[in-house]
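Observations on chain architecture
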Amino acid sequence: MIKTVIFDMGGVVITLDSEEATRRFVELGLKDFGKMMNVYTQQGINGELEEGKLSEAEYRAEVSRLVGREVSFDELKHCWTGYVKEVPARKLLTIRNLKKQGYRVILLSNTNPYMSSFTDSEEFSGDGHPIGDYFDAMYRSYEVKYMKPDENFFRYVMAQEKALPEECLFIDDGARNCCAASELGIFTYCPQNGEDWCDKIYNYLH
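First, a word on what this report is: a plain description of the structure on this page.

Here is what the cut-offs are and how they apply
- Residues numbered from 1 in each chain as written.
- Predicted model: local features only at pLDDT ≥ 70, side-chain atom pairs only at ≥ 80, totals over all residues.
- Heavy atoms only, no water.
- Core = buried A, V, L, I, M, F, W, Y, C linked by side-chain atoms within 4.5 Å.
- Buried < 20%, exposed > 50% of the residue type's maximum accessible area, 1.4 Å probe, protein only.
- Contact = heavy atoms within 4.5 Å.
- Helix = DSSP H or I, 4+ residues; strand = E, 2+ residues; numbered from the N terminus.
- Polar contact = N/O pair within 3.5 Å; in protein donor to acceptor, adjacent residues only side chain to side chain.
- Phe/Tyr/Trp six-rings, centres within 6.5 Å; stacked < 30°, edge-to-face > 60°.

As for the nonpolar core
Among the nonpolar cores identified, the biggest contains 45 residues, and F7, Y59 and I201 are the most heavily contacted of them. Ignoring any residue separated from it by four or fewer positions in sequence, one finds F7 in contact with V12, V13, I95, L98, V105, I106, L107, L108, F135, I171, W197 and I201. Core analysis: the next-biggest nonpolar cluster, separate from the first, contains 17 residues, L108, C168, A181 and I186 among them.

If you want it as structure tokens, here you go:
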């Protein structure tokens, strides 16, 4: 029986627009940044930021060096939030309802301080709620120093939650991430980026 529902953020809770994010980074002056951009696992300094190997200040200093001028936190936040196409209210309501129905609902996401400055703000939901209002717990790659599809990320979350894999459902739009979770015995559901999973999720819960 499923007791814990684990959500990825980008592509599942947030509908992603990777083209807009890339456009903003190129506009900033990082002409080759598209090569480091990946919806599922960031490469190069992006990956080091999301895995917590580079602090926000170290990352910003490196981007500043690459573009030849000092870049501000807000400029980089603008670039990273280019990924945010939409945060559908229907999905947030479904997450809230799952909590009311007795499921433990947690977030497991590859992300970074720039995206978190948006998701942790009242701007996130469009009606004054940060992302933390919807989840019982949040595990973010740059904070826990693991990045999907590393199985250690999933093992860490299972240990923190004292959860059994066979009692968890993991929802992620990345097939590699779902495969990694499946290999540990976690049930998975892999919708497309932006897909409306609000009704379909119950097929996996029952």
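Overview of unusual backbone geometry
The amide bond that connects K148 to the next residue, P149, takes the cis arrangement and shows omega of 10°. The phi dihedral of K145 is positive, around 70°, even though this residue is not glycine. Structurally, K145 can be placed in the loop between α7 (141-144) and α8 (151-161). Relative accessible area serves as the criterion here: at 46%, K145 is assigned to the partly exposed category. A positive phi is found at K162, a non-glycine position, where the angle reads about 50°.

What to know about the side chain of T94
Residue placement: T94 occurs in helix α5 (residues 89-100). Looking at T94, its side chain comes within polar contact range of the main-chain oxygen of R90, at 2.9 Å. Apart from residues no more than four positions distant in its own chain, T94 is found in contact with W197, C198 and Y202.

Some words on the packing of aromatic side chains
Considering all chains together, one arrives at 12 aromatic pairs under this definition. Consider the rings of F118 and F124, whose centres lie 6.1 Å apart with planes at 65°: the pair is edge-to-face. The pair F118 / F124 is uniform in exposure class, with both members buried. Aromatic side chains Y189 and Y204 sit 4.2 Å apart centroid to centroid with 15° between the ring planes, which places their arrangement in the stacked category. With Y189 in strand β7 (residues 187-189) and Y204 in helix α10 (residues 201-205), this pair connects stretches of sequence that are 15 residues apart.

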